Each structure stands twice: as C-alpha cells, then as structure tokens.
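# Secondary and tertiary structure notes
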Amino acid sequence: MDTKIGSIDTCKATHNDAVTIQTPMIPFNSPDSTLGRHLARRLVQVGVTDVFGVPGDFNLTLLDHLIAEPGLQFIGCCNELNAGYAADGYARARGVGACVVTFTVGGLSVLNAIAGAYSENLPLICIVGGPNSNDYGTNRVLHHTIGLPDFSQELRCFQTVTCYQAVVNNLEDAHEMIDTAISTSLKESKPVYISISCNLPGIPHPTFSREPVPFCISPRLSNKMGLEAAVEAAAEFLNKAVKPVVVGGPKLRVAKASDAFVELANASGYAVAVMPSAKGMVPEHHPHFIGTYWGAVSTAFCTEIVESADAYLFAGPIFNDYSSVGYSLLLKKEKAIIVQPDRVTIANGPAFGCVLMKDFLAALAKRLKHNPTAHENYRRIYVPEGHPLKCEPKEALRVNVLFQHIQRMLSGDTAVIAETGDSWFNCQKLKLPEGCGYEFQMQYGSIGWSVGATLGYAQAAQEKRVIAFIGDGSFQVTAQDISTMLRCGQRTIIFLINNGGYTIEVEIHDGPYNVIKNWNYTGLVDAIHNGEGKCWTTKVRCEEELVEAIETATEAKKDCLCFIEVIVHKDDTSKELLEWGSRVSAANSRPPNPQ
C-alpha cells in the first residue's frame, strides 16, 4: 500500500544504507552535458516520465532539452492551473510529479495547484523558465511581470507553498541546486520550485559532464531509545483498554506507513476505520474494516464504534473543520494516541519525537494483545444498508440509484477520482475492491481539481481505467483539458453530474450566486473532440439510459474516453452532505467571542 517513487523504489536501502541511483556517464564537453539534459535525466531517474506544462518564451529552450531526453514526454495542457493539477494527480499514482511553466504569468497561474499539492503532502517539482541571467540586477523591466525591475515577486509567492526554492541564474551551482531541490521534494513529500534562466539550459558545462556523486537520498531514521519508549507507553495504554480501535489518517501516505498500519491491524484484531481523506490508503477488504469515520456523516455504525471506544489510535490524522464536521467529533484527548509521521503523543501524557510512524506501528504490532472486542460489537449492531427505492420506468434518475450502479463497475483495474462537492460523500460510501485506487482533495478542496488530476493520474497509471465524478460547477472551472486527455489517448470514464449549480455551497449557505449557467456538456466535449481521438458521449436521464451507457462505456467503447452527463434534480443530494453542510455552516457562522 506504500506510495512508490518511480525508479527510486527499485533501489532498496539495506541495513539503513542510503538510496543510490547510478547514472550513465556523459563524455566531457559533449553537447548533451547541459543543464537542460541534466534536469531531464534527474526527472526520469526519480520516476517522472511525463511532465505537464504550457510553453512560454522563457521556457522554450528548456522544453527542447526536456523532450530530447529518451523516456520523458512533455504533455502540453490548456492552462497552467490544469498542468499543476495534472502533476498533482500524477504524483498520487507515481509518487512524484512535475510541471513546467513560464515566468510569473505562468508561475502565478499554477500557484493554486501547487498550494493544493502542498496541503496534500505530494512531491511535486514545479519548474519555471526564468529571465535571462544577464537581466538580474540591471534595473530592467521585463514582460510577463507586474512592471517592476524586481524579479522576486514570483519567488516570494512560491516560498509559502513549497519546501525549497532554487533560482538558477548561473551554471556554477546549478547542478547542486537542482539536485538539492529534487531530493528535498522527495524527502519532505512537498512541492519545490526551480526557476531556470532562459539562456542557460542549452550551454554545456563541466559540472554536467559526469555525476561526481551519484544521486542519493539518505533514509530517515527513528531515535532508537525514543521508539522503544513510545512503543512501551503505547502498548501499556492500549493493552489495558477494553474495546480499542485504530483509525487511519491521510498522513499515512507521506509516512509511507500503510503496510505497517495493516500489520498493526492484523496483529491487534482491533476494529479498523479510516478518516475520509485516507480512503484508499487502507484496504477495505480487511476483515476488521468498519468504514469511514467522519463524525456525524460516517458510514453506517462506524462513528458509534469509534466514539464509544475507550482507546483509539489515530495514525496520521488531520483534524480540520471539514474532517471534524464543523468541530463536532465526540473524541476525548485522554483516550487517544495520535501518531504523526515523526511524532507520537499518548493521551494527556508523554510525547515522543524523532519516531517514524512506520517504525512505531510495526514495532507496536509485536507488543499488542489480540483484542477484537470493538469489531465484535460492530458486527452485533451492523445492519446492511437498504437498497434505493426501485425506479419506475423512465423515472428521473436519483443519485443514490446512480451510485448503486457505479459500485458494480469497480474492480482492481479501476481508480476513482472524486471532485470536491457531493461526490465526496457519495464516493465515500463506495466499497473499494482490492487494488482499486481512490483519490480526492479534501484538505484544500479546490473545485475543478479533478479534471487535471484525472488527466495526470490516468497518464501515470495507464494499467487502470479511471472513473471520475465531477459536478457541473467544478467542470466549468477546468473543462478545457478534456482535449489533453484525448490527445494522450486516455480511456477514462467521466460522470458529469449536472444538477444546475454549486450544490456543496448550497448546503452550507444558499444564495443566487450558487446557480450557474447550464451548458450542453456533451455538446461541448463533442466540440473539443472534433473528430480527433477516441471519444464517446451520452446524456442520461433515467436508470434505463444509465444501464445502457455503462454497458457501452465498459464494452463497445472500452478503449475510448467516455463522457456520461447525468442529469439529476438540483436538490438531489446525499443525506451526508445535508448533515455536513448544516454543521459546517454553524461553524462558519459562529459569532465573535466577546472581548
């Protein structure tokens, strides 16, 4: 279940040795011993075979050198925002992603996507073609800027949403800066920013003629004494509990601890749940899996088991207003062990730093007594969910009927992408078969994210058929890059859920601004298709048409990009969204504290 990072994962460290990547030597003074080719080789070495971007005059020479590298493909997107979202989706499937844009006018366009990747702890390499190196410090005003001779505006914006920034405007330290940036992104599991002066990529330089030191990422290590103390304290705490549970959180990904979490679940016998943003990181076919813990909008009977437990271990949680349903979770700190990627906190007692989550969970698994009490309680109270009311012939399609059919489409060869909105709640209720991928962006919650992310994920995981669920409001933000999916020959199935507005906003606070102009969405995609590539579209208004559409998409049109517009009533939402929206609304509208 751990995220793999391209070819790095094939070079396993043994006995805590560093991870090393050997690279072919380029002859001294070869025309290929350039900054541009060095960057391209590094991207391929870490597992990036597709880089997303938009050309601009400051990055054109750099793009020449990137596409000259065997094994690296440039995928031109319709705008920089989608290129960033695509790199985000790519990183989720491949372990690292990359995008290339031009200075300021491109950099500030991609910034929102980079911020989202930062919030989701994704390694993403954002490369910007920068000003000519001779222009720095000259007091010149350049195009694509805000009209000041100071070129640092873009850098200052990226400093808050990346973990490392490299401005490469000379060749002497370019090798070191690029290598440091890429390795920092992988180590920190966050985006980095690399700006490369537009006149430098094609100039041979001795530092690129050979690799003086092989690319190397030293593994993080736990403090041995801290680890032993943390495990001892946690085992004592959990072993005296009557009905403990374990809950997986979204930072399982950055900690690469999903396998260790499953090991703990197997050894302990505890009931196993996930937070909503960790769906897909823990196998749902596990015998003790009880569903998604999301407070009042949890899957059936999960919240009762978690909140009534006398001890719970949360591995990598993020508690924000969305994941806590407007701060309404009924959890008690004195019952909780909180395990973060490199820190363990036990109830109101001790905290242990420099303890890696995967080491802690694996060691704790060996110290816990088997205790299936919570899971046995779950099995006693669990009542299988009822089926939606059967549709009358040609009755308007209901969303709960739609997702009943979606469930049957899922397999280990599929992956689900859920857009911000009611798709969050409907997709949470899907039961993922073994091997089925699942992604959504909960922390940042940027509408429109899923179009680019679907493009990137499908490009990185070509062995899977991606099934994306996108609301009409979100689709209007980023629709253009359907064209890029067609150019790449992708065979994604997109369900466009057309309910006439921003439904998630309606349930938090309604107003006329939540109503949008209705489009002929299938007509738009047909126009984008324009006879080039494989594409099939259809509109669905009732269950009979849905059944026919799914059959066509999965059989006769299985090699096509399939776009299915599902027309539903504007008030047809999940009960979970209604509950969640009212609680988030209450949290947002709290009056000021008295002074």
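Before reading on, note that the structure itself is shown above.
Structural notes, computed from the coordinates. Quick caveat, the model's predicted, so the values are computed rather than measured. (Residues numbered from 1 in each chain as written. Predicted model: local features only at pLDDT ≥ 70, side-chain atom pairs only at ≥ 80, totals over all residues. Heavy atoms only, no water.)

Here we take up helix α6 (residues 174–188). For α6, with 15 residues, the first-to-last C-alpha span of 21 Å sits near the 21 Å given by 1.5 Å per residue. Most of α6 sits inside the fold, with 11 of its 15 residues counted as buried. Listed in full, the buried residues belonging to α6 are Ala 174, His 175, Met 177, Ile 178, Asp 179, Ala 181, Ile 182, Ser 183, Thr 184, Ser 185 and Leu 186. (Helix = DSSP H or I, 4+ residues; strand = E, 2+ residues; numbered from the N terminus. Expected span 1.5 Å × (residues − 1). Buried < 20%, exposed > 50% of the residue type's maximum accessible area, 1.4 Å probe, protein only.)

Moving on to the packing of helix α13 (residues 399–409) against helix α20 (residues 543–554). Relative to each other, α13 and α20 sit at 20°, their axes nearing to 11 Å. Taken together, the axis directions place α13 and α20 in an arrangement best described as roughly parallel. Where α13 crosses over α20, the two elements pack in a sense that is right-handed. Facing α13, whose interface residues are Val 401, Leu 402, His 405 and Met 409, α20 presents Glu 543, Leu 546, Val 547, Ile 550 and Thr 554. Looking at side-chain class alone, the contact of α13 with α20 contains 6 nonpolar, 2 polar and 1 charged residues. (Axes fitted to C-alpha atoms, helices over the stretch in contact; angles between N-to-C directions. Parallel < 35°, antiparallel > 145°, perpendicular 65-115°, else oblique. Left-handed = near helix turned anticlockwise from the far one by under 90°. Contact = heavy atoms within 4.5 Å. Nonpolar A, V, L, I, M, F, W, Y, C, P; charged D, E, K, R; others polar.)

A word on the pattern of salt bridges. A side chain with one charge may pair with a side chain of the opposite charge, provided their charged atoms come close. The final tally for this structure, using the stated rule, is 14 salt bridges. A salt bridge links Asp 88 to Arg 92, with the nearest nitrogen and oxygen atoms 2.6 Å apart. Taken together, the residues Asp 88 and Arg 92, both in helix α3 (residues 80–94) and 4 residues apart, mark about one turn of the helix. On the basis of relative accessibility, which here comes to 0%, the residue Asp 88 falls in the buried class. Residue classification places Arg 92 among the buried positions, given a relative accessible area of 4%. A salt bridge links Arg 156 to Asp 150; its shortest N-O distance comes to 3.4 Å. Note on Arg 156: relative accessible area 44%, which makes it partly exposed. (Salt bridge = Lys/Arg side-chain N within 4 Å of Asp/Glu carboxyl O.)

Honestly, it's all geometry; don't read function into it.
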